[in-house]
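# Survey of secondary and tertiary structure
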Amino acid sequence: MSGKLDRYQIPEVVDHLASNYVLGTLSKRVQARTDQLRHELDFSALNQRIAFWEQKMSPLIDKVPDLAPKDQTWQSIQARIAPQKTQERKPWYRLLDLRFYQWATACSLMLVALFSVVVLQQPSSPGALSYVAVLADENQAPQVVAATYGDTQMLMLDIIDLPDVGDGETLELWVTSKTDKQARSLGEIPSNVASFNRQLTTAEWRLIKDSDSLLITVEEAGGSPIGEPMGALISQGVCVRLSAWQEQV
Amino acid sequence: MSQINPQQLELWLAKSALGDQAAFKQLYDATASRLNGIAYRILNSIDSANEVLQEAFIQIWNKAGEYRSDLAEPMTWMASIVRYRAYDRVKFEKRRIEGSQVRADLEDFESLPDGAGQKPMFCEIGQQLEGCLAQLEHTQQHSILMAYYYGFSREEISAHFSTPVNTVKSWLRRGLVRLQQCLEN
């Protein structure tokens, strides 16, 4: 490691990394390496140069017009920084990952139903689990848990195990409607993340409320060009509405 | 746009680091519109900007204790968190502001002086930065601003200028070296 680090002692190299990091123009690989140098190796010379560039370029952001955020945004933040709520949510998925590998989808849903009973026994709150789907591959191995809480319209995906996709490809999430059986896009799923939250629009939230199941397909980068699943289906699961929340709406 | 008091922001950040949610809410109320505007400028989507803002504030809450006032002003630190998340998001989404809006927005860039003797119209940015940007060649200046403001990748800048990516890399490298020399004087 020290040999590799040597070149990062050269001021020109450090400044090249720092300035392009602040501009966002590093390649993915170099950016990941720079993040590692910053956070894991606590490379203070690099951090200082990044701070230099951030500060020197900062007058430019004063030119940007303000834009009031949605009310929902603070509510979602608040829900996630409340300590007890965070602790309630996380362990459940992790247990799924370790104990129920290659469970049949039906078994996964039974577990969800069991969880919903637990929710039923607790006082209702806006943060209660409202919809959940366990998406599994063709061998019924769980790959993604998708959930919403209350009526926050925040879709939270916990990625258990998704396959890598090639360059120029992406994973796209779909919801199928109970009413017309059509699949509609809920957007792309980022690669290499353990979890992903997506604020749903009102129209997308209606789709969740009318959902039959969720699907993930491999599509070309940017998503299916026709707005319908075109690529290989890699994961799917029935969307369950939990009665604990149902009573509140 | 009103100026936000850095000392007050520092205080709220310090309290947030200790788990004070009321202070964090005050910090949010004081800065969220500005930060959301920055995210929106890069993402050109209200929904995506709000999602990035949300994730950024979760990160600010978790990392408030790492803020160092000797390295950056609080707004610079928070805006950087938002920008980096927005850059990641725009790369992931591969979504780009389209033709007419790019052209309209680039008129701002066109108003930057290309050299001595022209009166800068982009006069609200820091005097030192403005002066240093003005010394850059047109293509260097625009490449830097397109990347910083809109999260354009090198490939997107090359497409915009119909020039090879290596040329854009060269513009960025030379432009940033000249900018650095100027900013440090």
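Above: the structure in question.
In this report, the structure presented in the accompanying data block is examined. (Residues numbered from 1 in each chain as written. Chains lettered and ligands numbered in written order. Predicted model: local features only at pLDDT ≥ 70, side-chain atom pairs only at ≥ 80, totals over all residues. Heavy atoms only, no water.)

Further remarks concern the overall build of chain B. Helices and strands together make up the secondary structure of chain B, namely nine helices and zero strands. Each helix and strand of chain B, placed in order from N terminus to C terminus, yields the pattern α-α-α-α-α-α-α-α-α. Residues counted as buried form 54% of the 185 residues belonging to chain B. The contacts of chain B with a sequence gap of at least 6 include a subset with a gap of at least 24, amounting to 65%. (Helix = DSSP H or I, 4+ residues; strand = E, 2+ residues; numbered from the N terminus. Buried < 20%, exposed > 50% of the residue type's maximum accessible area, 1.4 Å probe, protein only. Contact = heavy atoms within 4.5 Å.)

This part is about empty space enclosed by the protein. Tallied over the entire structure, the rule returns five cavities of 30 Å³ or more. If you add up the space inside the largest cavity, you get close to 60 Å³. Every residue along the wall of the largest cavity is listed here: Asn20, Tyr21, Gly24, Thr25, Leu26 and Gln31 of chain A together with Tyr84, Tyr87, Asp88 and Lys91 of chain B. The leading source of residues in the lining of the largest cavity is helix α4 (residues 74-93) of chain B, at four residues. (1 Å grid on protein atoms, 1.4 Å probe; cavity = no way out; pocket = protein on both sides within 12 Å on 5 of 7 lines; lining within 4 Å. Points joined across faces, edges and corners; volume = space filled by probe spheres on them.)

Picture the strands of a sheet paired through backbone hydrogen bonds; they go either parallel or antiparallel. The strand order β5-β4-β7-β8-β1-β2-β3-β6 (chain A) describes an open sheet built from eight strands, whose pairing is antiparallel. Sheet topology places β5 (183-189) and β6 (195-199) of chain A at the edges, where each strand pairs with a single neighbour. Ignoring which end each strand starts from, the neighbouring axes of this sheet average 20° apart. With four bridges connecting them, strand β1 (residues 129-136) of chain A and strand β8 (residues 233-241) of chain A associate as antiparallel partners. Looking at the pairing, Ala133 of chain A lines up with Cys239 of chain A of β8 of chain A. Seen against the sheet, helix α3 (residues 46-63) of chain B touches β3 (154-159) and β6 of chain A and runs at an angle of roughly 135° to β6 of chain A. (Pairing = 2+ DSSP bridges. Axes fitted to C-alpha atoms, helices over the stretch in contact; angles between N-to-C directions.)

Under the defined criterion, the tally for this structure stands at 11 salt bridges over all chains. Across the pair Lys70 of chain A and Asp47 of chain B runs a salt bridge, and its minimum N-O distance is 2.3 Å. Taken as a pair, Lys70 of chain A in the loop between α4 (44-57) and α5 (71-81) and Asp47 of chain B in helix α3 lie in two separate chains rather than in one. A single network of salt bridges, built from pairs that share partners, joins Asp15 and Arg49 of chain A together with Glu184 of chain B. (Salt bridge = Lys/Arg side-chain N within 4 Å of Asp/Glu carboxyl O.)

Residues and elements named next belong to chain B. For the coordinates displayed, the defined rule picks out one disulfide over all chains. The residue that forms a disulfide with Cys132 is Cys182, at a sulfur-sulfur distance of 2.0 Å. Residues Cys132 and Cys182 are joined through a disulfide that is left-handed, its torsion about the S-S bond being -80°. One end of the pair, Cys132, is in helix α6 (residues 127-134); the other, Cys182, is in helix α9 (residues 165-184), and 50 residues separate them in sequence. With respect to burial, Cys132 and Cys182 carry one shared label: buried. (Disulfide = S-S within 2.5 Å.)

Okay, the interface of chain B and chain A next. Counting residues at the interface gives 57 residues for chain B, matched by 54 residues for chain A. Summing both sides of the interface, chain B and chain A together bury roughly 5,300 Å²; the carbon and sulfur share of this comes to 62%. The largest contributions to the chain B side of the interface with chain A come from Gln54, Phe92 and Tyr148 of chain B, which together make up 12% of the buried area. Joining chain B to chain A, the criterion identifies five salt bridges. Salt-bridge contacts for Asp62 of chain A lead to Arg34 of chain B; the nearest nitrogen and oxygen are separated by 3.4 Å. Connecting chain B to chain A are 21 residue pairs in polar contact (both at pLDDT 80 or more). Elements represented by at least two residues in the side of chain B that touches chain A include exactly α2 (21-43), α3, α4, α6, α7 (138-150) and α9 of chain B. Take the side of chain B that touches chain A: its biggest share by element is 12 residues, from α2 of chain B. Its residues placed into classes, the side of chain B that touches chain A shows 31 nonpolar, 11 polar and 15 charged. (Buried area = accessible area lost by both parts, 1.4 Å probe. Polar contact = N/O pair within 3.5 Å; in protein donor to acceptor, adjacent residues only side chain to side chain. Nonpolar A, V, L, I, M, F, W, Y, C, P; charged D, E, K, R; others polar.)

Attention now moves to the packing of α4 of chain A against α9 of chain B. For any two helices packed against each other, one specifies the crossing angle of their axes together with the interaxial distance. One can describe the packing of α4 of chain A onto α9 of chain B by two numbers: an axis separation of 12 Å at closest approach and a directional angle of 80°. The angle between α4 of chain A and α9 of chain B places the two elements in the roughly perpendicular class. Contacts between α4 of chain A and α9 of chain B involve Arg49, Phe52, Trp53, Lys56 and Met57 of chain A from the former and Leu176, Leu179, Gln180, Leu183 and Glu184 of chain B from the latter. When grouped by side-chain class, the residues that make up the contact of α4 of chain A with α9 of chain B number six nonpolar, one polar and three charged. (Parallel < 35°, antiparallel > 145°, perpendicular 65-115°, else oblique.)

Attention now goes to the pairing of β6 of chain A. Residue and element names in this part refer to chain A. The buried fraction of β6 amounts to four of the five residues, a majority that puts the element mostly inside the structure. Pairing geometry for β3 and β6, over five bridges, is antiparallel. Residue Met156 lies in a different strand from β6, and its bridge partner there is Asn197.

Looking at where Ala194 of chain A falls in the secondary structure, it is placed in the loop between β5 and β6. Distance in space between the C-alpha atoms of Ala194 of chain A and Ile160 of chain A is 7.2 Å, their sequence separation being 34 residues.

So yeah, pure geometry; function would need other evidence.
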